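Descriptive structure summary
So the chains spell out like this:
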Amino acid sequence: MRSAPRMPRVSTILIAVAFTAGLILRLVSLSGVPPSLYCDEAFQGYEAYSLLQTGADSHGRPWPLFFDIFGVGWEEPLYIYLTMIPVALLGTTPAATRVVAAVAGALAILAVAWLATRLAGRWAGAAAALSMAFSPWAFHFSRVGFQASLLPLFLAAGMAALLEGVRSRDALLAEAAPASPPRAGWVALGLFLLVAALYTYVASRAIVPLLLAAFGMIYLPSLRRLRVSRKVLLALALLVPALPLVLFASSAAGMERFQDVGLLSRVHGAGAVLAFLRNYLTYFSPSFLLTHGDPNLRHSAAGYGMLLPHDLVLLLAGLLVALIRRRSPDLLLCWWLLVAPLGAALTADPSHAVRAIGMLPAIHALAGSGAAAIFGAGSPLSPRRRRGAIILALFLGSALVSAGLYLHHYFFRYPVYSAPAWQYGLEQAYEKIEARAGEHDSIYVTRAEDFPWIQRLYLFAFPPAEYQQYGFSKTHYLFDEPVFYRGGLIPGRSHPIFLLKPGELEASGLPAREIIRNPDGTPAFVIAW
């Protein structure tokens, strides 16, 4: 007689539900929320489009390993190369440059579930997945075409693979038996993913080495049992692909962006130490985590912290359990949480959610461990007991309400008030200007907006080959030029049209012909001539 097919575990079903719901929420209305394409997102898309069309970046460099972003720094390549796929399929649309973040954010739910399972078992994995699927920090950056959106996925998957490699074959958790050598295949996969993380976002340059150092120290007795040949191969697998990044990061070009935003470029001596400590502590403050989040509206919704209240409760429980239990993976996750904001704290801006995004996997893995400790079998609050079932039902109900209120706010209110932060109105303004371009011999675009030419390139599929050779010189567009009114300053340009910010109109002395308004009705841009 054939045995009945084995039913999937409830924890597996919950992880699948979290992944499916998380993926849908990250993909729905991706072009419209956030309400407009910010210059950094358009940059990713246009570089991908340029590579597709010409095999070179927008500056004409063939298949570069690092990309010059607006002349203010250099960007890691992985997000741009992955974005080539959706740009080829969807064209130069906002969704095409954001969908990589959405898919990576959904996959990060699975990676964090794997990480939490290695930390505290299957129920911890399920709780971590559900927590990350709806949490504001993870959700927000899964819908934004920023390169940093890839980092949580690669960190979580890389560390989970390493922990998989050092756990004993008959153990659920990542605790290697003293006589058990690591499984080299899993360790190799973990190293590969963490090296790949170095090519996602600059914050990885601090986090990855610190995580690998801690992993090596904690699991040294197990790692010593590897054969010498495997040790050499693993070392080469780590060092060879990381070498180009190390060489670039130590160069003048690689340090350019940090010198611009770094703390030491603004303060020195004892003041720098105090500023660093203040910055570091902001990443663990109730204001950042629970009530206000990042003050930049591109990075979080107003009135919400980076976590929901139940996320913070479970995180604190997970930290307490880890400190009491003090197993190897517990120590590793606590270390991760402590070191992840170090790079962010070394920059001038406190409470910067993008630069501290490497905290996310540790936060949700520990939150999953906290949930397993509070509601797991053997706990006084186990749902097998009547009291535990009631408390769990109340907790889940409050979590659903909290997540529902946040999602409603994000999809319906956030696009209205955050529009100026996303450079709303540029696309609409360019459409109106293009309709009148034949009536004017020059189009002056305001300098009071960050890099406004990149939306003109990407959203209107400006030919990369032409841009690489001529820039905008064969068009009527004038970007980053001194203001001129009614011609005169540029020979042969006597019939200009101006795209201005509202505050520039009065000084121009020109009548407003068109006003492009934000979703809340306030003026975003003015077209004048």
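Coordinates for the structure precede this section.
Residues numbered from 1 in each chain as written. Predicted model: local features only at pLDDT ≥ 70, side-chain atom pairs only at ≥ 80, totals over all residues. Heavy atoms only, no water.

1. Thoughts on helix α3 (residues 78-90)
Across its 13 residues, α3 extends 19 Å between first and last C-alpha, which sits within 8% of the 18 Å expected from 1.5 Å per residue. At Met84, α3 shows its largest bend, some 30°, and a proline, Pro86, comes one to four positions later. Here α3 has its buried residues at Tyr79, Ile80, Thr83, Met84, Pro86 and Val87. Buried residues belonging to α3 abut α2 (39-54), β1 (67-68), β2 (74-75), α4 (94-120) and α21 (453-459). Gly91 lies just past α3 and shows a positive phi near 80°. (Helix = DSSP H or I, 4+ residues; strand = E, 2+ residues; numbered from the N terminus. Expected span 1.5 Å × (residues − 1). Bend = angle between axes of the 7 residues up to and from the residue. Buried < 20%, exposed > 50% of the residue type's maximum accessible area, 1.4 Å probe, protein only. Contact = heavy atoms within 4.5 Å.)

2. Quick look at the pattern of salt bridges
Opposite charge on two side chains allows them to pair when their charged atoms are near. For the structure shown, the criterion picks out 14 salt bridges. The salt bridge involving Glu164 is made with Arg183; its shortest N-O contact spans 3.6 Å. Of the two residues, Glu164 is situated in helix α7 (residues 151-166) and Arg183 in the loop between α7 and α8 (184-197); the sequence distance between them amounts to 19 residues. Take Arg183: its relative accessible area is 17%, and that puts it in the buried class. Through salt bridges with shared partners, a single network forms among Arg118, Glu164, Arg167 and Arg183. (Salt bridge = Lys/Arg side-chain N within 4 Å of Asp/Glu carboxyl O.)

3. Quick word on unusual backbone geometry
Excluding glycine, most residues fall at negative phi; most peptide bonds, likewise, are trans. In this model, Val33 is joined to Pro34 through a cis peptide bond whose omega is 0°. As for its position among the elements, Pro34 is in the loop between α1 (10-27) and α2. Backbone geometry places Gln423, a non-glycine residue, at a positive phi of 60°. Considering the arrangement of structural elements, one finds Gln423 in the loop between α19 (386-417) and α20 (426-436). Residue Ala461 is not a glycine yet carries a positive backbone phi of 50°. By relative accessible area, which is 30% here, Ala461 ends up partly exposed.

4. Considerations on empty space enclosed by the protein
With the rule as written, the count across this model stands at 1 cavity of 30 Å³ or more. Quantified by volume, the largest cavity comes out at close to 70 Å³. What lines the largest cavity is simply Arg26, Ala104, Gly105, Ala108, Met132, Ala138, Phe141, Ser142, Ser149, Pro152, Ile357 and Leu360. Of the residues in the lining of the largest cavity, the class split is 8 nonpolar, 3 polar and 1 charged. (1 Å grid on protein atoms, 1.4 Å probe; cavity = no way out; pocket = protein on both sides within 12 Å on 5 of 7 lines; lining within 4 Å. Points joined across faces, edges and corners; volume = space filled by probe spheres on them. Nonpolar A, V, L, I, M, F, W, Y, C, P; charged D, E, K, R; others polar.)

5. Quick word on the side chain of Asp57
Here Asp57 is to be found in the loop between α2 and β1. Look at Asp57 and you get buried, because its relative accessible area is 0%. Within the local environment of Asp57, its side chain forms a polar contact with the backbone nitrogen of Arg61, the two atoms lying 2.8 Å apart. When sequence neighbours within four positions are dropped, the list of residues in contact with Asp57 reads Glu47, Ser50, Leu51, Pro64, Phe67 and Gln468. (Polar contact = N/O pair within 3.5 Å; in protein donor to acceptor, adjacent residues only side chain to side chain.)

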